[in-house]
Every structure is written in structure tokens, then in C-alpha cells.
Amino acid sequence: CVDSGRGYVDRWGRCMSSIIRGDDDFDSAIGAEVSTFAAYLPSDQNIANATFTKVVTSSEEFDTKSEYNASNARFTPTVAGYYQINAQVRMSLTGSAAEYFIALYKNGSQITRGLNPTFTDHVTNGASVLSQVISLNGSGDYLELYAYQSSGQTRTLAGGRNYCVFQGFLVRGA
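Attention in this report is confined to the structure presented alongside it. (Residues numbered from 1 in each chain as written. Predicted model: local features only at pLDDT ≥ 70, side-chain atom pairs only at ≥ 80, totals over all residues. Heavy atoms only, no water.)

Concerning the nonpolar core
Proteins that are soluble and globular tend to have nonpolar side chains buried together. Among the nonpolar cores identified, the biggest contains 28 residues, and Tyr68, Ile85, Leu143, Leu157 and Phe166 are the most heavily contacted of them. Among the elements of the structure, strand E3 (36-40), strand E9 (81-92), strand E10 (98-106), strand E13 (125-136), strand E14 (143-149) and strand E16 (165-173) are those that each provide at least two residues to this core. With five residues, the single largest contributor to this core is E9. (Core = buried A, V, L, I, M, F, W, Y, C linked by side-chain atoms within 4.5 Å. Buried < 20%, exposed > 50% of the residue type's maximum accessible area, 1.4 Å probe, protein only. Helix = DSSP H or I, 4+ residues; strand = E, 2+ residues; numbered from the N terminus.)

The following block contains the structure:
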């Protein structure tokens, strides 16, 4: 377990996940590789005015169980449980005041939104972030990331792993 670089041995001699959770007793962390992924927007993407637009996070940093599909920017876990999902985008904001945010979609429907700041004329770039624990059934539920802005014109999401990311990991099995 330790030699493989995939975890550590707990006080009972069990192989545990290397993702620190603060509790040795999560069943999903015992003896198996934990579902985790990280993807990012590889290049700038335009977001039309007043339209929810899917963020095409098509570059993967890692995907331990091959559950993230980079071709459609969709996470479909195969293990039922509770997943910590994190996302952020950076958007160009020059011009008139408007709101912008990211939204997490589950099975094609919006379930939560990230920060919903309003920008003014003096701001040139802004970020919206999201961090939620989401229950997924492991047999078809999927997640996608969308962005929205209402500036009256098309805006641009900044590409790159430091600006637009979509990631998650299994916190606990169902």
C-alpha cells in the first residue's frame, strides 16, 4: 500500500486512501482506489449574453477511475456516494455592470450555483467559485459545469488550469 504511493496503512493494518478525510472509518476509502478527477478549460471560451453555456473542461489533469469524459466535459461516477465538487472560472468583465456565475448541473438540470458577484465598469476580470457535496447514485447520474453572464455582450472565460477548473472526489460511499 505505502510502496505503491496510493495510500497508507492505518492503525488496524488496513490500506487507506491517500485523500485525507479526518476519519479512518469511511468504507469507500478502504482498500480501493478512490474516485477523483480534475479537468480544466484548455483555451479561452466565449460565453454569450444571458445564456447558460457549458464550460468545456476538456483537458484532464487526472481521473483515477476513468469516470470523467473529456469529450463531453461530464463526470459520471460508477460508485454511489457523496462527492465533494469544486469548480471555478475566470471571466473577462470590462464594460457595463452585470452578474456572472457558474452553475452545476446534475442529469441535465441545474442544482446549485457558485458565487454570484456583480461587476462594475472598473473591474477587468472576475472569478466565480463553487464548492458543494453532491449525492450521486453511481449508475447513471452525471455532473456538468455551466457559466452564465448578463453583460449585454459576449464575454470570455480564461483558459488554463489556473483559471477554469472542474474537479471532485468521493467523500463517502452511499
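A few points about the pattern of salt bridges
Considering all chains together, one arrives at four salt bridges under this definition. A salt bridge links Lys106 to Asp141; the shortest N-O distance between them is 3.8 Å. Of this pair, Lys106 sits in strand E10 while Asp141 is found in the loop between E13 and E14, placing the two residues 35 residues apart along the sequence. The exposure class of Asp141 is buried, given its relative accessible area of 10%. (Salt bridge = Lys/Arg side-chain N within 4 Å of Asp/Glu carboxyl O.)

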